[in-house]
Structure formats: C-alpha cells, structure tokens
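Chain and residue survey
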Amino acid sequence: MSIINFIENYRKNPRTLFTTPSHGQGDFVFPKSLKLLGSKIFQSDYSEYDGFDNFLNPTGIIKITQDKAAEIYNAKSTLFLVNGSTSGIIAAMLGVLERRDKVLIARNCHKSVYNGLVLSGAVPIWIMPEYNKEWGIYENIRLDTLEEVFSKNRDIKAFIMTNPTYEGVMSDIYRISDICKKYGVILIVDEAHGALWNFYKAMGTPSLLQGADIVVQSLHKTAGALAPSALLHINRESSVNPKRIKEALNLITTTSPSYPLLLNIEECINYLGSNKGKRKIYELLKNVSRLLRTLRTIPNIQVYSYNNDITKILIKLVNVSGFEFSDILFYKHNIECELANSQSVLLLTGIGTTNSKLKKLEKALFEISSENIKIINKNNSQKQGLVVEPRVRYAPSAIWGKPSKEIELKYALARVSMELITDYPPGIPVLFPGEVIKKEHIQYLKDRQKIKVLI
Ligand SMILES: Cc1ncc(COP(=O)(O)O)c(C=O)c1O
C-alpha cells in the first residue's frame, strides 16, 4: 500500500497514541500557527508507529511508494528527500567519493556542493561554464574543455554539474555522459530546477534519460510540492550502488519521517504523471509561450532565448541594468523577481503560476516600456561575473574549522580564503575556502572591507 492510501485508511480508525510528535496530530497547535496554518497539516504528522515505516531503513509503505516512483522515473532507485536537493547532492557525493578522491565540479554549482566537499574529504577541480556578458549569466561548459580536463586528470572520480542552470540553460547531457563514460567518471547532475521535465519532455530531456548516473531534483521549485521536498534518482545502467547512496543519505538526514512531506511527494509524482498533470503543465507552457511572444513585441524589452527551459523567464530592459529593472518591478509594480544581475532579471514560473499572474507581469512590462526611464548606468555600477581560474591550495575538508582571522582585503593577496563567497548574482562562487586569493578577487570584491583568511 502506498503512503497516501495507508494514511487514508489509518485515519478511519486512528489509535490512541502515546508517542511523538507531541502536538498529538493537532490536539495542540500554537495559536498563531493554528491561525496561519490551520491544524490539517498537523493531523498528518505521524511517526514510526506500527504499520507505518522506518525512514532510514524502509521496508513498508515508504519503500513501496519510492519503488513505484523509481518505475515512473525509469530509475534503478529513487529516494524521497525531506531536506531538499541540498541533502541529495551531499548524499550523492558522500556515496561515491572517498577522502582525497578528485571530483570535477562546474563552478556554477549550488553551495551544497561545498558541504559535500567538507564532509566527503574529496578534492575539487573546477571547470568554468561560459559567461554570457550580454545577459550576465553563465551558460554551458565547453565539451572540448571537459574532455581535455579528463584526459589530463585520469583519476577524476566524479563530475558534478547543474542542468538546467538557474536561468534555465540546458546542457547536452547525452554527450557529457558519453564523455564521462569514456573516462570512467560518475556523472552527478543537480537538476533542482528541472523537475517538470520528466512529465513533459518537450520542456527538456531529463538528465537521467540522457545517461547521468545520479540526478537530484527539487520538487518544490517548479513542481508544486512543499519545500523542501526533493528526489534522488540512480540510473538503471549505472554502476553506482543504491545501498551506498542510501547509507550516505542516512548520515545526514532526519530519522523522523515527515509524512506531510512524504505524502505530498507521492501525490506530486502521481499527479504530474496523470493526464490532469500533463494538461496542467501544457497549460503553463502555453501561457508562458504566449507571454514570451507578447514580450518580444514590447519595445525596449528583450527576451533571452537560447536552448533554455522557457518556464524561467529571463528578460532585460534596454539601457537599464537588471538591478534597476528589478527595483522598478518591485517598487512600482509590486512584482518580485527571483534574481537580478547587471544585465537582466529572472522570473521563475512553475506549475502554480496562473495566467492572471502572467498577465499582471505583461501589463507591468508594457507600462515600464512606455515610460522614459533614465537610470542608465549599466556597466560601471554593477558587477559582471568573475572569470578567474580558481587555485585550490587546500581541499575544503582539510581546512574546515582551522584557525582563521579577518584581515583587510587589500592585504589578502596570496592568502588562503576561509570564506565561501558566492556573489548573488551571478550566483557562482567567487572564492571557496582553501583557495588562493588572487589580485582579480581583490579587484572584484572591492566593495568588501575584510576577508577571513587561514592563519
Ligand atoms: C541549482 C540548485 N541546486 C540545489 C539547490 C538546493 O535545493 P533545495 O532548496 O531543494 O535544497 C538550489 C536551491 O536554490 C539550486 O538553485
């Protein structure tokens, strides 16, 4: 029986529980929480009671539901994650990497990769995706560079990359996985922003189906589930051992199954896989496509279109920086973007994005376009991306917790950074702990006074 069916049945004849959690399935809820959340979510908050399952070693309803999901995704194994893609990325790294193993990482990685490096003890080698100055975003990794790095470093164990990028740029995972296979490298794809693809392949081809070994997806970002629910899939053809990945996940995840999240994950997958779900995704795509077509006709508005997932709307206002554009949307039109950079703004849509919301955006953009906006200071007021080859002096695990001190940035040349500095945007780490501070970093970070360095 699946999680949802089991809970529906259990509700018909609930037991008198002297167990955790202590709110007693909503018998007591703090007053403000009750007002804001209601008690319904508490009513489904169970623990490991008889007939329920064990989250770390599932043999019952959780296992059955996960196995069914694996079939839907055509995976060797699918794990439900209640600590987001963050936990999936760390588990994937802990599951395949040993201390001092070399791992190639595309620099536009999420910060959870840093956590994975500290915990696994693996040593990073970095590959820089190409920077698109006109849009202020990072795009693809050059395949010839990838091949060159592998051929020079025959001992690389795994490659971690993000597909699609935050802005929706998609990579050719077929070719990347072929290259990885040629060099015996395990391909881990952070597909946090691509969870709808499995259910509507015209949007994008899931990395798992293109040959990635391990794929991690957030279900809350685009697919409508509660935050922070996510999935980890292992490819049927992969040599990666699912047992090892599960053991790794168990090192870092909670022992308490969150049934509200688990049942929501189950329904998310079932719903999106149903005809209703497909229609809902189709409706989203139709509405976004219509909006994009209209935006292309608005004077002074430009729309990014390059092999990207169209649900991530990247636009710019001619002669106005993305930061200023975002401020206009926010302060004059009460519209909040996901992020802005020196050139453009990113607006994310997902399964819950209504057409009326898109229409509001469209109306605001028509108004903005017709105003005579004069705040033009695009290039010198805002940062461009920093494209400098990182120099790793120590693996993050080797210096984590080591003594450090703050010094003035201007004296930091050639010192070892103890900070993870990720500049949002463009959202790519400028410096990782353990990396040597170069003069380009000092110039780029000139707005900062101080930096923490290794003593
Ligand atoms: C590319 C990418 N990967 C992973 C994550 C982490 O996802 P989660 O919030 O599900 O832990 C994020 C979150 O912003 C992300 O943008």
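Above this text is the structure in question.
Report follows, based on the coordinates. (Residues numbered from 1 in each chain as written. Predicted model: local features only at pLDDT ≥ 70, side-chain atom pairs only at ≥ 80, totals over all residues. Heavy atoms only, no water.)

1. Topic: the pairing of strand S13 (residues 345–348)
Quick reminder of the rule: When DSSP finds two or more bridges between a pair of strands, those strands are recorded as paired. Segments assigned H or I by DSSP are reported as helices when at least four residues long, segments assigned E as strands when at least two residues long, and all are numbered from the N terminus.
The pairing of strand S11 (residues 312–317) with S13 spans four bridges and is classified as antiparallel. Among the inter-strand pairings, Leu314 is bridged to a residue of S13, identified as Leu346. From the end of strand S12 (residues 339–340) to the start of S13, which pair antiparallel, there are four residues.

2. Considerations on the sheet that holds strand S3 (residues 123–127)
What counts here: Between N-to-C directions, angles cover 0 to 180 degrees, with each direction set by a line fitted to C-alpha atoms, over the stretch in contact for helices. Note on contacts: a residue pair is in contact if any heavy atoms of the two residues lie within 4.5 Å.
Read across the open sheet, the seven strands follow the order S1-S9-S8-S7-S6-S2-S3; overall the sheet is mixed. Single-partner strands in this sheet number two, and they are strand S1 (75–81) and S3. Between one strand and the next, the sheet's axes are offset by a mean angle of 20°, whatever the strand orientation. In the sheet, S1 pairs with strand S9 (residues 230–235) via six bridges, with the strands oriented antiparallel. For Leu79, the partnering residue across the bridge sits in S9 and is Leu232. With respect to the sheet, helix H6 (residues 112–120) is in contact with strand S2 (102–106), S3 and strand S6 (156–162), its orientation differing from that of S2 by roughly 170°.

3. Comments concerning the site of the ligand
Our working rule: Throughout, the term near means that a residue has one or more heavy atoms lying within 4 Å of the molecule or strand in question. Here a polar contact is recorded for every N or O atom pair within 3.5 Å, except that within protein the pair must consist of a potential hydrogen donor and a potential acceptor, and residues adjacent in sequence are included only if both atoms are side-chain atoms. Residue polarity follows a fixed list, in which Ala, Val, Leu, Ile, Met, Phe, Trp, Tyr, Cys and Pro are nonpolar, Asp, Glu, Lys and Arg are charged, and the others, Gly among them, are polar.
Surveying the vicinity of the ligand reveals the residues Gly84, Ser85, Thr86, Ile89, His110, Thr162, Asp190, Ala192, His193, Ser218, His220 and Lys221. One nitrogen or oxygen atom from the side chain of Asp190 is found 2.5 Å from a nitrogen atom belonging to the ligand. Between the ligand and the protein, one listed contact pairs an oxygen atom with a side-chain N or O atom of His220 at 2.8 Å. Split by residue class, the shell around the ligand holds two nonpolar, eight polar and two charged.

4. Quick look at unusual backbone geometry
Here is the rule: Burial classes follow relative accessibility: with a 1.4 Å probe on protein chains only, a residue under 20% of its type's maximum area counts as buried, one over 50% as exposed, and anything between as partly exposed.
Each neighbour pair has its own omega, and for Thr20 with Pro21 the value is -5°, a cis peptide bond. Here Pro21 is to be found in the loop between helix H1 (3–12) and helix H2 (31–37). Look at the link from Asn163 to Pro164: it is a cis peptide, with omega at 0°. Even without being a glycine, Gln25 presents a positive backbone phi close to 50°. As for its placement among the helices and strands, Gln25 is situated in the loop between H1 and H2. The exposure class assigned to Gln25 is buried, which follows from its relative accessible area of 17%.

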